[in-house]
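Okay, here's what each chain looks like letter by letter:
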Amino acid sequence: MDYFLIATVLIVLSAIFGYINTKFLKLPTTIGLMLITIVFTLAVFALSYFDDTLLMKERELITSIDFKTILLDVMLSFLLFAGALHTNFQQLKIQRKPVLIFATLGTVVSTFLAGIFVFYVLKLIQFEVDFIYCLLFGALISPTDPIAVLGIMKKVGAPKNLETKIVGESLFNDGVGVVIFLTIYQIAKGGVEVSVGHIAELFLVEVVGGIILGLLIGWITYRLLKSIDEYDTEVIITLAAVMGGTLIAQKLHVSAPLAMVTAGLIVGTDTVRKTSMSVITEQYVDKFWELIDVLLNTILFVMIGMEILVLTLEATYILAGFIIIPVLLLARYISLLLPIKLYAKKLGFVPKTNLIMTWGGLRGGISIALALSLTTSMERDLFLVITYIVVVFSILVQGLTVGKLIKKYAKETEAIAH
């Protein structure tokens, strides 16, 4: 299939499913689109018993899409810049210490806990899987997905200081998670000696390099926006910053997602907005990036829903997926304990922050993209099914109920916030 045909089919399906969700289901976009796409794909499966033409066409479409490359190398930069652009920088500055620990130490602890728990759970249900592969799964499933989190947090009306922790963690921990994943991946492949120095170098180049590049791109963008007053040109400058910045990051082998998060936070700060954009420019920049955010989110979650076609749906794999869901929630809960204990009183954390952050830490497309990069010898089929089940549960069940969990503690939250 050619790229234009693939893009057309995805956008047409996204428009139809988006209309159905808006008109009838009225669910948050990410949840509604994934649910409708899964139902549509299952209906195509059922229809294939009579005529498999549509199933073959849908399978041909999804197998011709390089999901990992499209998400990690292209879409993620746009989505993270758009998300960071509308993140409350002042709140993030106040909450920077716990957010930093959540995104670094929390991700490392969660990776190892998830790997250990999954190793023993799989052994319990007669799956003999090497520990290193379970650890690799722990690395790909531990980062919370910024795309899924941002989409849900906009709808649930979470208190700002709580929203900042959840969104801030998810914006930064994917960069850390990918570095951990790549390191364990090299060890799992074998034949490559990975030392502490090598891991530190990889972390510094990817993470610190990405943030420095983001600061530079953000500053250049600010100077360009400040020097003119022409809203259409200024919108194009922000687009060029993301596309050009992503390309430079890939060439320099630094984290493009972290560079775009950093650049987005700088361009989106109140100080930069007031000194570099007129009111009309600010409106156009915001509306443009909101539209990009909605469009790419819509396409992404339709793609995630259709990924069910590439799964090896064995009953034992599905069983393993459902058993592992509570195990991963437990690993996340434990990984958040230390930073919450350290900063709870000092920064006035809302009641049940650990519980809300555990349930609100959604997994999404990033985990699926990393699972798709596993080799057959790394138990790819098993871990891809488990990852898909965890992601679907995370978005459909946790995403639909996290708002109720927040509202349950709303009175206590308001009392602390004010």
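Here the residue numbering is sequential within each chain, running from 1 through the sequence in written order. Under the rules for a predicted model, residues below a pLDDT of 70 receive no local features and side-chain atom pairs below 80 are neither given nor counted, while totals for whole chains, interfaces and linings still include all residues. Hydrogens and water molecules were not included; the side-chain quantities draw on all heavy atoms of the structure.

Enquirer: Before we go on, may I ask you to explain the side chain of Q95 in this structure?
Expert: To qualify as a helix, a DSSP run of H or I must reach at least 4 residues; to qualify as a strand, a run of E must reach at least 2; elements of each kind are numbered from the N terminus. Tracing the chain through its elements places Q95 in the loop between helix 5 (89-94) and helix 6 (96-124). You can call Q95 buried: its relative accessible area is 2%. The criterion used for residue contact is that any of the two residues' heavy atoms lie within 4.5 Å. Apart from the residues within four sequence positions on either side, Q95 is in contact with N161, T164, K165, L347 and F349. For every residue, the accessible area obtained with a 1.4 Å probe (protein chains only) is divided by the maximum for its type, and the residue is called buried under 20%, exposed over 50%, and partly exposed between those limits.

Enquirer: In this structure, what is going on with the packing of helix 9 (residues 160-189) against helix 12 (residues 256-268)? I would like to understand it.
Expert: A pair of packed helices can be characterised by two numbers: the angle between their axes and the separation between those axes. Angles shown run from 0 to 180 degrees and are taken between the N-to-C directions of axes, each axis being a line fitted to C-alpha atoms and, for helices, limited to the stretch in contact. Packing of helix 9 against helix 12 leaves a shortest axis separation of 9 Å and a crossing angle of 155°. For the element pair helix 9 / helix 12, the angle class is roughly antiparallel. Crossing of helix 9 against helix 12: the hand is left-handed. Contact with helix 9, carried on its side by L171, F172, D174 and G175, involves P257, L258, V261 and L265 of helix 12 and no other residues of that element. Looking at the contact of helix 9 with helix 12 residue by residue, the classes come out as 6 nonpolar, 1 polar and 1 charged. Each angle is binned into one of four classes, with values under 35 degrees roughly parallel, values over 145 roughly antiparallel, values of 65 to 115 roughly perpendicular, and all other values oblique. When the near helix sits turned anticlockwise from the far one by under a right angle, the crossing is termed left-handed; a clockwise turn instead gives a right-handed crossing. Any residue that is not Ala, Val, Leu, Ile, Met, Phe, Trp, Tyr, Cys, Pro, Asp, Glu, Lys or Arg is counted as polar, Gly included; the first ten are nonpolar and the last four charged.

Enquirer: What should I look at first to understand a nonpolar patch on the surface in this one?
Expert: The patch calculation keeps residues exceeding 30% relative accessible area without a salt bridge and links them within 9 Å when they carry like charges or within 5 Å when they are nonpolar (Val, Leu, Ile, Met, Phe, Trp, Tyr). Under the convention used here, a 1.4 Å probe and the Shrake-Rupley method define accessible areas, while residue burial counts only the protein chains that appear. The salt bridge definition used is simple: a Lys or Arg side-chain nitrogen within 4 Å of an Asp or Glu carboxyl oxygen. Together, V12, I16, Y19, I20, F24, L25, L35 and V39 line one region of the surface with nonpolar side chains, adding up to about 720 Å² of accessible area. At the level of elements, helix 1 (3-25) and helix 2 (29-47) are the ones that each hand at least two residues to the nonpolar patch. With 6 residues, helix 1 is the single largest residue contributor to the nonpolar patch. Note on placement: L35 falls in helix 2.

Enquirer: How do you make sense of helix 10 (residues 196-227) when you look at a structure like this?
Expert: For an α-helix the count is 3.6 residues per turn, leaving residues at separations of three or four pointing the same way. The span you would expect from a helix comes to 1.5 Å times its residue count less one. In this model, helix 10 (32 residues) spans 46 Å end to end at C-alpha, consistent with the 46 Å of a helix rising 1.5 Å per residue. Bend at a given residue is defined as the angle between two axes, one fitted to the seven residues that end at that position and one fitted to the seven that begin there. At G209, helix 10 shows its maximal kink, close to 25°. Turning to helix 10, its buried residues are L202, E206, V207, G209, G210, L213, G214, I217, G218, T221, Y222 and L225. Buried-residue contacts for helix 10 involve helix 9, helix 11 (231-252), helix 12 and helix 13 (270-276).

Enquirer: Sorry if this is basic, but what is going on with the packing of aromatic side chains here?
Expert: Two measures describe an aromatic ring pair: the distance that separates the ring centres and the angle between the ring planes. Aromatic rings from Phe, Tyr and Trp, with only the six-membered ring used for Trp, were paired whenever their centres fell within 6.5 Å, and each pair was classed as stacked if the ring planes differed by under 30 degrees, edge-to-face if by over 60, and tilted otherwise. On inspection of all chains with the given rule, the structure shows 11 aromatic pairs. Here the aromatic rings of F137 and F383 are separated by 5.1 Å at their centres, their planes lie at 15°, and the arrangement is stacked. Taken together, the residues span a long stretch of sequence, with F137 in helix 7 (residues 131-141) and F383 in helix 18 (residues 380-408) at a distance of 246 residues. A relative accessible area of 0% means that F137 is categorised as buried. With 5.3 Å between their ring centres and 90° between their planes, F288 and W289 make a pair best called edge-to-face. The exposure class assigned to F288 is partly exposed, which follows from its relative accessible area of 23%. To sit over a ring, a charge needs its Lys NZ or Arg CZ within 6 Å of the ring centre and within 35 degrees of the ring normal. Above the plane of the ring of F349 lies K165, whose end atom (NZ or CZ) is 4.1 Å from the centre.

Enquirer: I keep staring at the pattern of salt bridges and nothing clicks. Help me out?
Expert: Once their charged atoms are close, side chains differing in charge can pair, the charge on each being opposite to the other. Per the counting criterion, the structure on display carries 6 salt bridges. Between K160 and E163 there is a salt bridge, with its nearest N and O atoms 3.7 Å apart. With a gap of 3 residues between them, K160 and E163 both fall in helix 9, about one helical turn apart. Residues E169 and R332 are paired through a salt bridge, measuring 2.9 Å at the closest nitrogen-oxygen approach. Of this pair, E169 sits in helix 9 while R332 sits in helix 15 (residues 315-343), placing them 163 residues apart in sequence.

Enquirer: Hey, could you run me through the nonpolar core in this one?
Expert: Taken as a class, soluble globular proteins show a tendency for nonpolar side chains to be buried jointly. Ranked by size, the top nonpolar core spans 141 residues in total, and within it L122 and F383 carry the most contacts. Of the residues forming this core, the biggest block, 15 residues, is contributed by helix 18. Contact partners of F383, with chain neighbours within four places excluded, come to V118, L122, V129, Y133, C134, F137, L374 and M378. Throughout this description, the term nonpolar core refers to a set of buried Ala, Val, Leu, Ile, Met, Phe, Trp, Tyr and Cys residues connected via side-chain atoms within 4.5 Å.

Enquirer: Would you explain the environment of I395 in this entry?
Expert: With respect to the helices, strands and loops of the structure, I395 is situated in helix 18. I395 gets classed as buried once you look at its relative accessible area, which sits at 1%. Along the backbone, I395 and G32 are 363 residues apart, and their C-alpha atoms lie at a distance of 9.7 Å. In this structure, I395 is in contact with T30, I31, M34, A148, F301, R363, G364 and L400, ignoring residues within four places of it in sequence.

Enquirer: What should I look at first to understand the packing of helix 4 (residues 67-85) against helix 12 in this one?
Expert: It is at 7 Å that the axes of helix 4 and helix 12 come closest, and there the two elements cross at 30°. For the element pair helix 4 / helix 12, the angle class is roughly parallel. Between helix 4 and helix 12 lies a crossing of right-handed hand. Taking contact as the criterion, the partners of L76, S77, L80, F81, A84 and L85 in helix 4 are, on helix 12, A256, P257, M260, V261, A263, G264, L265, V267 and G268. Tallied by class, the residues present in the contact of helix 4 with helix 12 amount to 12 nonpolar, 3 polar and no charged.

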